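# A structural walkthrough
Below, each chain spelled out in residue letters.
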Amino acid sequence: MSFNIAGNRVEGIIVQAISSGKSTAQQIVQQSINEVKNDPAKNLREMQQPSGLSSFLDIKV
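Residues numbered from 1 in each chain as written. Predicted model: local features only at pLDDT ≥ 70, side-chain atom pairs only at ≥ 80, totals over all residues. Heavy atoms only, no water.

Under the annotation held in an unreviewed UniProt entry, the chain carries the name Motility protein and is attributed to Paenibacillus hemerocallicola.

Shown next, in the form of structure tokens:
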């Protein structure tokens, strides 16, 4: 695997790591996009859920 920087070909383990990271990032972004496409109201439902902290702080005096 190689990479071009300012017209110079660069090869090695760092280039492989960058390429692998780029591939992983693309997959994660694509999964997030697909989640929103398949269920656009999911984020809203998650925001409307009461948190555990709110029930903990709901102490009657």
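From this point, things continue past the structure.
## Description of the overall build of the chain
When helices and strands are tallied, the chain shows 3 helices and 2 strands. Of the regular secondary structure in the chain, the N- to C-terminal order runs β-β-α-α-α. In the chain, which comprises 61 residues, the share counted as buried stands at 2%. Carbon and sulfur atoms provide 58% of the accessible area of the chain, an area that totals close to 5700 Å². (Helix = DSSP H or I, 4+ residues; strand = E, 2+ residues; numbered from the N terminus. Buried < 20%, exposed > 50% of the residue type's maximum accessible area, 1.4 Å probe, protein only. Areas by Shrake-Rupley, 256 points an atom, 1.4 Å probe, with all protein chains shown as cover.)

## Details of the confidence of the model for the chain
In the predicted model, the chain carries a mean pLDDT of 78, and 77% of its residues have values of at least 70. When pLDDT is averaged over each helix and strand of the chain, the minimum, 66, is found for helix α3 (residues 52-57) and the maximum, 88, for helix α1 (residues 13-38). (pLDDT = per-residue confidence, 0-100.)

## Regarding a nonpolar patch on the surface
Judged by side-chain polarity, Ile13, Ile14 and Ile18 come together as a nonpolar surface patch covering roughly 360 Å² of accessible area. Within the secondary structure, Ile18 is located in helix α1. In this structure Ile18 comes out as exposed when scored by relative accessible area, which is 52%. (Patch = residues over 30% accessible without salt bridge, like charges linked within 9 Å, V, L, I, M, F, W, Y side chains within 5 Å. Salt bridge = Lys/Arg side-chain N within 4 Å of Asp/Glu carboxyl O.)

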